[in-house]
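Letter by letter, the chains look like this.
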Amino acid sequence: MSATGAGTERPPSRLATMFPGYFALVMATGIVSIAAHLEGMELVSRVLFWANVAFFLILWAATGARFLLHRDRLIADLTSHPRSVLFLTMVAGTGVLGSQFAMLTPWSGVAEALWLLGTGLWVLLSSVFFTVATVREP
């Protein structure tokens with residue numbers, strides 16, 4: 001072994017290898033929160049709503065940091081056959097959080113902004129996914 005530390009390479013960081021489908025957490029938590037609201041379990045619904053707001057913000061911060069620090073890996077995931085579809089969880093999570101804001105708060109403007117963001121993400125990410133699926137070799 002040399003003095004440069006050859007053979008002791010550190011594995012990639014968790015941020016570098018972040019799973020693109022993590023926004024399914026926001027989607028699923030939001031669905032359960034809405035179901036709890038519809039069943040009259042307001043405390044459960046509210047706790048899950050605020051947890052979901054935190055999950056959403058944390059995941060977007062991590063995605064932004066990944067874009068800044070590990071752009072090559074993010075683009076590799078976006079253009080990968082098995083992983084590009086996972087980015088669509090961003091769309092679903094954003095839309096479900098928008099529904100939570102519409103149903104559980106008086107902040108309809110936030111709901112509308114999230115729905116617009118979700119629509120934009122849907123157009124962008126579905127275009128990327130279908131391009132990858134039809135043009136790029138597996």
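What you are looking at is a predicted structure, and each value in this text was computed from that prediction instead of being measured.

### Some remarks on the packing of helix 5 (residues 88–104) against helix 6 (residues 108–135)
- With their axes 8 Å apart at the nearest point, helix 5 and helix 6 run at an angle of 165° to one another. One way to sum up the angle between helix 5 and helix 6 is to call them roughly antiparallel. Helix-helix and strand crossings are classified by hand; for helix 5 and helix 6 the assignment is left-handed. Between helix 5 and helix 6, the contacting residues are Leu88, Met90, Val91, Thr94, Gly95, Leu97, Gly98, Ser99, Phe101 and Ala102 on the first element and Val110, Ala111, Leu114, Trp115, Leu117, Gly118, Leu121, Trp122, Leu125 and Ser126 on the second.

### Structural notes on the nonpolar core
- The biggest cluster of nonpolar side chains holds 18 residues, and the ones touching the most others in it are Leu97 and Phe101.
- Put simply, the parts of the chain that give this core at least two residues each are helix 2 (42–69), helix 5 and helix 6.
- With sequence-adjacent residues up to four places away left out, Phe101 is seen in contact with Phe49, Val53, Trp107, Val110, Ala111 and Leu114.

### A word on a nonpolar patch on the surface
- Taken together, the side chains of Trp50, Trp107 and Val110 present a nonpolar region at the surface, about 310 Å² in accessible area.
- Counting through the fold element by element, Trp50 comes out in helix 2.

### Topic: the packing of helix 2 against helix 3 (residues 71–78)
- Here helix 2 crosses helix 3 at 110°, and the two axes come no closer than 5 Å. In terms of axis orientation, helix 2 runs roughly perpendicular to helix 3. Between helix 2, through Arg66, Phe67, Leu68 and Leu69, and helix 3, the contact on the second element is made entirely by Arg71, Arg73, Leu74 and Asp77.
- Residue classes in the contact of helix 2 with helix 3 are distributed as four nonpolar, no polar and four charged.

### Focus: the confidence of the model for the chain
- For the chain, the average pLDDT comes to 93, and 94% of its residues sit at 70 or higher.
- Highest mean pLDDT in the chain belongs to helix 1 (residues 24–38) (98); lowest belongs to helix 4 (residues 81–84) (88).

### A word on the environment of Val132
- Its place among the elements puts Val132 in helix 6.
- Taking relative accessible area as the criterion, Val132 reaches 6% and is therefore assigned buried.
- Sequence spacing of Val132 and Thr79 is 53 residues, and the spatial spacing of their C-alpha atoms is 5.8 Å.
- Every residue in contact with Val132, bar those within four places of it in the chain, is listed here: Leu78, Thr79, Ser80, His81 and Ser84.

Cut-offs and rules
Residues numbered from 1 in each chain as written. Predicted model: local features only at pLDDT ≥ 70, side-chain atom pairs only at ≥ 80, totals over all residues. Heavy atoms only, no water. Axes fitted to C-alpha atoms, helices over the stretch in contact; angles between N-to-C directions. Helix = DSSP H or I, 4+ residues; strand = E, 2+ residues; numbered from the N terminus. Parallel < 35°, antiparallel > 145°, perpendicular 65-115°, else oblique. Left-handed = near helix turned anticlockwise from the far one by under 90°. Contact = heavy atoms within 4.5 Å. Core = buried A, V, L, I, M, F, W, Y, C linked by side-chain atoms within 4.5 Å. Buried < 20%, exposed > 50% of the residue type's maximum accessible area, 1.4 Å probe, protein only. Patch = residues over 30% accessible without salt bridge, like charges linked within 9 Å, V, L, I, M, F, W, Y side chains within 5 Å. Areas by Shrake-Rupley, 256 points an atom, 1.4 Å probe, with all protein chains shown as cover. Salt bridge = Lys/Arg side-chain N within 4 Å of Asp/Glu carboxyl O. Nonpolar A, V, L, I, M, F, W, Y, C, P; charged D, E, K, R; others polar. pLDDT = per-residue confidence, 0-100.

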